[in-house]
Amino acid sequence: MSNRVRNLSILGAVAALLVLALLVILPGTPLSKDTKLGLDLEGGIELVYEARPTPQVPEVTQQAIDDAIETMRKRVDSLGVAEPEIQRSGREQIAVGLPSVQNAERAKAQVGTTARLQFYDWEPNLLTDREIYAGGNALYEATAAASKEQGRAEKVDIVPGSGDTPEEADRANNTASDRYYLFGPDQLPIGPDKKPVRTGSYDPSGSCKELLAEYQEAPGAAKEYAKDTECLSELEALGGGGPPSGSRVIKVPEGVVVIEQERSPNQPPQIKRFTVLEDDSELSGEDIKDPEANTDPNTNAPLVSMKFSDKGREAFARVTKRIAERGFNASTLQAGGDKDQFNQRFAITLDDQIVSLATIDFTELPEGIDGRDGAQIENVGSFQDANDLAESLRIGALPIDLKLISETQVSATLGKQALDQGLLAGAVGLALTIVFLLFFYRVLGLVATAALLIYALLLFALVKLIPITLTLPGIAGLVLTLAVAADANIVMYERIKEEVRAGRSIPAAISTGYAKALRTIIDANVVTVGVAFILFTLATAGVKGFAFTLGIGTLVSLFTAVLATSAILGSMARSPLLRRPSALGVGKDHKSWSFDFMGNSRWFFSFSGVILLVGAISIATLGINFGIDFESGTRIVTPLERQASVDDVRSTLEPLGYADAKIQQVDDPELGENVFQLRVPQLDPNQVGEVEAALDEDYGVAGDQFSSQSIGPTFGQQIARTALLAVIASLLLISLYIGFRFEWKFAVPILIALAHDLLITGGVYALTEREVTTSTVAALLTIMGYSLYDTVIVFDRIRENVPRMPRATFSQIANRSMSEVFTRSLATSFVVLMPVGALLLFGGDTLKDFAFALLVGVASGTYSSIFIATPVVVEWKEREQVYMRRRRLVMEQHGGHVPAFATGAL
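Residues numbered from 1 in each chain as written. Predicted model: local features only at pLDDT ≥ 70, side-chain atom pairs only at ≥ 80, totals over all residues. Heavy atoms only, no water.

Enquirer: Provide a residue-level description of the overall build of the protein chain, including the pertinent values.
Expert: Scanning the protein chain from terminus to terminus reveals 24 helices and 27 strands. Relative to its full complement of 906 residues, the protein chain shows a buried share of 54%. A separation threshold of at least 6 residues defines the contact pool for the protein chain, and within that pool the share at least 24 residues apart is 75%. (Helix = DSSP H or I, 4+ residues; strand = E, 2+ residues; numbered from the N terminus. Buried < 20%, exposed > 50% of the residue type's maximum accessible area, 1.4 Å probe, protein only. Contact = heavy atoms within 4.5 Å.)

Put into structure tokens, the structure is as follows:
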């Protein structure tokens, strides 16, 4: 196939792809697709749950996760949420994205609750002589000891204490293990309004050992953890802080369950009452059918009615008959008195909370209840609550327990604002890149512009077609791949210009330059794709969007640069437009760089050493400002309708127990001038609601502009772990690839340069006290890929010049290589900095943080690839025998010194 036929075939294929892309992009066409926006752009709520075993499922298997996802999907469908995203997020985690949710609290209650229904014969299973009362200044701690001989637990000993509420710390354990419950200290002082207020909240999780991790940063921590010596010794061994002083960790053994009592009409929300039962239910939610929301015909109160399966009806009839007989027998043993006092009860619990505690009147129902008419659950709240409960029971309980470890709620207003900012940054970045290419490369710049527009259309069509959920980090990935696509063109154009300067005709220069550039382009992009793959595999959902778009964008840029650009240039090679070298940006007088890069390397090393020392001191003294992604907590962003100061907001939060919150007023023209960001320890959804209500009462809050993000300690630890793994895996990948494509001596300097870039970026972050988030980690990994990109260009030219300069020292080879590619390195760095600068100037807060890390890293990467990695290679290679011999010969020829550049015959 001739070059002409080849070029025309490629252009025809590109034209066909562009037509298809336009049919996908333009609305109203048969192939048109909507752009799938992520929650951070559309608004909504994202919930991340961690799976925990249950007595029924003692191990979290992949099948259990799949079953839970399917159950959650059915529940979400019943909510009517459009295009929800329910997917794995790590081995034992499930991420649920609910865009445009109108009632976030209802969605959370419906999606993540286990909905495990249990029926208990009350009196025989009751293990407490008195109810455990929690709240105010009265708390009684309960412990239970199992009696294996009797097959049940013994009576509970009641120990007076003080505190808030007991919270189960190990719902995950199976029936073969003990459970641990936390009883906190008194957290209900009287506030200025004479109402009890909550000053702290704790979210225990996992086994006894995991308990401490959730409390290490609790204020006033003390080591009075537990009376249970086994758990205490485990916690003591871990060291650090613990629950607040006065807390107790109580071991409740196998076969015992703590049940929350029904709430009385006037019971304050801070008050909870608990009962300890033997975990011996008579039947479960699997034994019911046809649950339905109804209303009581007498009171019109909402309720849930249900029928029993054949097995369930028999069990229900059997247990109610036994209850009636027990009441009758008790009444006959004591003559006289009101017989009602001997009536016995049965309880219906939902997720260890009593929803119905019914009495069986043995005088009216001596044979119990046959169950033919089913049963009812009353006191379920509103009719919507009854309908949601009926739907959950109909779909079935989750096979595993789910603990909410991360919650992000973004208002639709903030989402639209983020989208507009991201699109503006992308448009400005594209425009600046095109202007630079046109100015620097003339006609070649026109070709590059055409290639970039082709790239943009094809990539946007892929985003719609796959579909890729477009997120804010994803937009950052798209903008960054503009630079990647432009870089490939620059590498090719600089090669073509070199061939023209060497005296080749323009058609020959285009052909030869393209062939020489191809290998460098592929080398430079392979690792970028690899880093994107590692990020996608290990990162959390938000960064996955960036990684995916970066990887896809890099592959599309290879197609447009390697095929489309070459075909356009090949077709234009003999056209009048490219008749003169000046059309390619090749001037008559070309001045090459004559700087002694290697001879001045000691100055570069010293300069880097000073920068690294300052950075190290900054990190050691100021520390790294890790965001809630790593340290856990809750971040709230909200505009206030009435003017307020930071102190005003703090005074509102103080009665809620958040006097130590980090509060700052942020500049956000889209939301107004009175916008505040709050960062507090992790809050549960109810507490976030309390904060919103308090701010709304004092200053007014627009509900559609209130956003929050909560990260639990477990999730934060996972993010930190996966970030570290991603960095290590990327370094290994880079080392292996460079060692394979060049030689292993080239890999070590690259690792040194990468460490140099990461340390400098970390030092700058410490100096500026900027917050480190998951987006920062993504930026750091991108920096590694870019730094490698620039270094590969230099190393590739060194590898090319080695056989061409058989008598030169390695430092002379490196100097010549550097002088040949220095302009290209500056051009590629500049073309990356333009879209990154657009992100920094026009992007939202998330994009600005991301762009800041990129800006520092790209500048550092450009510097290190030229002034650090290459001199290190030179220092190493000069010690090889062949180059030591060459150095002696050159010194003999030049009176004892080595010229910076080789002269004479090579």
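Enquirer: Would you mind going over the nonpolar core in detail, with residue names and values included?
Expert: One finds Tyr493, Ile738 and Phe795 to be the most contacted residues of the largest nonpolar core, which totals 133 residues. Sort the elements by how many residues they give to this core and helix α12 (residues 472–501) lands first, with 17 residues. Those residues in contact with Ile738 that lie beyond four places of it in its chain are Glu743, Phe746, Ala747, Ile750, Leu788 and Val792. Counting 27 residues, the second largest nonpolar core, distinct from the first, contains Leu283, Met306, Phe342 and Leu389. (Core = buried A, V, L, I, M, F, W, Y, C linked by side-chain atoms within 4.5 Å.)

Enquirer: Please set out the side chain of Lys745 residue by residue, giving values where relevant.
Expert: Residue placement: Lys745 occurs in helix α20 (residues 744–768). Side-chain polar atoms of Lys745 contact the side chain of Glu880, separated by 2.9 Å. Those residues in contact with Lys745, other than ones at most four positions away along the chain, are Val873, Trp876, Lys877 and Glu880. (Polar contact = N/O pair within 3.5 Å; in protein donor to acceptor, adjacent residues only side chain to side chain.)

Enquirer: Please set out the packing of aromatic side chains residue by residue, giving values where relevant.
Expert: For the structure shown, the criterion picks out 19 aromatic pairs. Seen in terms of ring centroids, Phe328 and Phe362 are 6.3 Å apart; in terms of plane orientation they differ by 70 degrees. Their pairing is edge-to-face. With Phe328 in helix α8 (residues 310–333) and Phe362 in the loop between β19 (354–360) and β20 (375–377), this residue pair connects regions lying 34 residues apart in the sequence. Accessibility expressed as a relative area gives 47% for Phe328, which makes it partly exposed. Residue Phe362 is classed as buried on the basis of its relative accessible area of 5%. Both rings, one in Phe746 and one in Phe795, keep their centres 5.0 Å apart while their planes meet at 85 degrees; by these two values the pair is edge-to-face. Placement of the pair is Phe746 in helix α20 and Phe795 in helix α21 (residues 774–801), with a sequence separation of 49 residues. Taken as a pair, Phe746 and Phe795 share a single burial class, namely buried. (Phe/Tyr/Trp six-rings, centres within 6.5 Å; stacked < 30°, edge-to-face > 60°.)

Enquirer: Any details on the packing of helix α22 (residues 810–842) against helix α24 (residues 881–893)? Residues and values, ideally.
Expert: α24 packs onto α22 with a crossing angle of 85 degrees between their chain directions and a minimal axis gap of 9 Å. Classed by the angle they form, the pair α22 and α24 counts as roughly perpendicular. Across from Phe810, Ser811, Gln812 and Ile813 in α22, the residues of α24 making contact are Tyr883, Arg886, Arg887 and Val890. In terms of residue class, the contact of α22 with α24 is made up of four nonpolar, two polar and two charged. (Axes fitted to C-alpha atoms, helices over the stretch in contact; angles between N-to-C directions. Parallel < 35°, antiparallel > 145°, perpendicular 65-115°, else oblique. Nonpolar A, V, L, I, M, F, W, Y, C, P; charged D, E, K, R; others polar.)

Enquirer: Give a description of the sheet that holds strand β16 (residues 288–295) that names residues and reports values.
Expert: Strands sit in the order β16-β17-β20 across an open sheet of three strands; the sheet is antiparallel. The open sheet has two edge strands, β16 and β20, and neither has a second partner. In this sheet, neighbouring strand axes are inclined to one another by 25 degrees on average, regardless of whether the strands run parallel or antiparallel. In this sheet, strand β17 (residues 302–308) lies alongside β16 in antiparallel orientation, the contact comprising six bridges. Its bridge partner being in β17, Thr295 is matched across the sheet by Pro302. Lying on the sheet, helix α9 (residues 383–395) is in contact with β16, β17 and β20; it crosses β16 at an angle near 175 degrees. (Pairing = 2+ DSSP bridges.)

Enquirer: Could you give me a rundown of the pairing of strand β18 (residues 344–350), with the residues and numbers involved?
Expert: Counting buried positions along β18 gives six out of seven residues, so the element sits mostly inside the fold. In this sheet, β18 lies alongside strand β4 (residues 117–121) in antiparallel orientation, the contact comprising five bridges. Paired with Leu117 across the two strands is Leu350, which belongs to β18. Pairing of β18 with β19 involves six bridges; the strand directions are antiparallel. Residue pairing across strands places Ile348 opposite Ser356, the latter belonging to β19. Connecting β18 to the antiparallel partner β19 that follows it, the hairpin turn spans three residues, and Asp351 within it adopts a positive phi of roughly 50 degrees.

Enquirer: Summarise the packing of α12 against α22; cite the residues concerned and give the values.
Expert: Interhelical geometry of α12 versus α22 gives an angle of 160 degrees and a closest axis separation of 9 Å. One element, α12, and the other, α22, form an angle in the roughly antiparallel class. Considering how the two elements wind past one another, α12 and α22 form a crossing that is right-handed. Between α12 and α22, the contacting residues are Ala476, Val479, Leu480, Ala483, Ala486, Asp487, Ile490, Val491, Glu494, Arg495 and Glu498 on the first element and Glu820, Thr823, Arg824, Ala827, Thr828, Val831, Val832, Pro835, Val836 and Leu839 on the second. Partitioned by chemical class, the residues of the contact of α12 with α22 number 13 nonpolar, two polar and six charged. (Left-handed = near helix turned anticlockwise from the far one by under 90°.)

Enquirer: Tell me about the pattern of salt bridges, and please be specific about residues and values.
Expert: Per the counting criterion, the structure on display carries 30 salt bridges. The shortest N-O distance in the salt bridge between Lys497 and Glu494 comes to 3.7 Å. Highlighted residues: Lys497 and Glu494, both in helix α12, separated by three residues, approximately one helical turn. Assessed through its relative accessible area of 4%, Lys497 is described here as buried. Linking Arg799 and Asp796 is a salt bridge whose minimum nitrogen-to-oxygen distance equals 2.6 Å. On the criterion of helical spacing, the pair formed by Arg799 and Asp796 is a turn pair, its members being three residues apart in helix α21. (Salt bridge = Lys/Arg side-chain N within 4 Å of Asp/Glu carboxyl O.)

Enquirer: Account for the environment of Gly689, with residues named and values stated.
Expert: Mapped onto the fold, Gly689 is located in helix α18 (residues 685–699). On the basis of relative accessible area, Gly689 is assigned to the partly exposed category, the value being 33%. Note: C-alpha distance between Gly689 and Glu105 (584 residues apart in sequence) is 9.3 Å.

Enquirer: Outline a nonpolar patch on the surface, supporting the account with residue identities and numerical values.
Expert: Side chains of Val610, Val614, Leu622 and Leu767 sit close together on the surface and give an oily, nonpolar patch of about 360 Å² of accessible area. Ranked by residue count, the leading element in the nonpolar patch is helix α15 (residues 601–622), at three residues. Position of Leu622 relative to the elements: it lies in helix α15. (Patch = residues over 30% accessible without salt bridge, like charges linked within 9 Å, V, L, I, M, F, W, Y side chains within 5 Å. Areas by Shrake-Rupley, 256 points an atom, 1.4 Å probe, with all protein chains shown as cover.)

Enquirer: Describe the confidence of the model for the protein chain, and please don't skip the residues or the numbers.
Expert: Regions with low pLDDT carry predicted coordinates that are not meant to be interpreted in detail. Scored by pLDDT, the protein chain has a mean of 75; 78% of the residues are at 70 or more. Scored below 50 in pLDDT, residues 129–176 makes 149 contacts in the model with residues more than four places away or belonging to other chains. In the predicted structure, residues 184–245 sits below a pLDDT of 50 and forms 149 contacts with residues beyond four places in sequence or in another chain. (pLDDT = per-residue confidence, 0-100.)

Enquirer: Tell me what's going on with the sheet that holds β18, and back it up with residues and numbers.
Expert: The four strands are arranged β15-β4-β18-β19 in an open sheet whose pairing can be described as antiparallel. With one partner strand each, in any of the chains shown, β15 (283–284) and β19 form the two edges of the open sheet.

Enquirer: How would you summarise unusual backbone geometry if you had to cite specific residues and measurements?
Expert: With omega at -10 degrees, the peptide bond leading from Ile466 into Pro467 counts as cis. Here Pro467 shows up in the loop between α11 (443–465) and α12. In this structure, Asp290 is a non-glycine residue whose phi angle is positive, near 55 degrees. Structurally, the position occupied by Asp290 is in strand β16.

Enquirer: Give a description of α15 that names residues and reports values.
Expert: Under the 1.5 Å per step criterion, the end-to-end length of α15 is 31 Å for 22 residues, consistent within 8% with the ideal 32 Å. For α15, the set of buried residues is Ser601, Phe604, Ser608, Gly615 and Ser618. Across the axial projection of α15, the buried residues extend over an arc of 115 degrees, all falling on one side. Facing away from the buried side of α15, by more than 90 degrees, are the exposed residues Arg602, Trp603, Val610, Leu613, Ala620 and Thr621. Of the residues flanking the end of α15, it is Gly623, one or two places downstream, whose phi is positive at about 75 degrees. (Expected span 1.5 Å × (residues − 1). Arc of directions from axis to C-beta.)

Enquirer: Give a detailed account of the side chain of Asp757, specifying residues and quantitative values.
Expert: Along the polypeptide, Asp757 turns up in helix α20. Asp757 has contacts with Ile783, Ser787, Ser860, Gly861 and Ser864, leaving out every residue within four places of it along the chain.

Enquirer: Help me get a handle on α22, residues and values and all.
Expert: Its 33 residues give α22 an end-to-end C-alpha distance of 45 Å, which sits within 8% of 48 Å, the value for a rise of 1.5 Å per residue. With 24 of its 33 residues buried, α22 lies for the most part within the structure.

Enquirer: Lay out the environment of Ser331 with the relevant residues and their values.
Expert: When you line up the elements, Ser331 lands in helix α8. By relative accessible area, Ser331 is classed as buried at 9%. Considered as a pair, Ser331 and Asn343 are twelve residues apart in the sequence and their alpha carbons are 8.6 Å apart. Ignoring sequence-local partners within four residues, the contact set of Ser331 consists of Phe342 and Phe362. Within the structure, Ser331 has its side chain in polar contact with the backbone oxygen of Phe328 (distance 2.6 Å).

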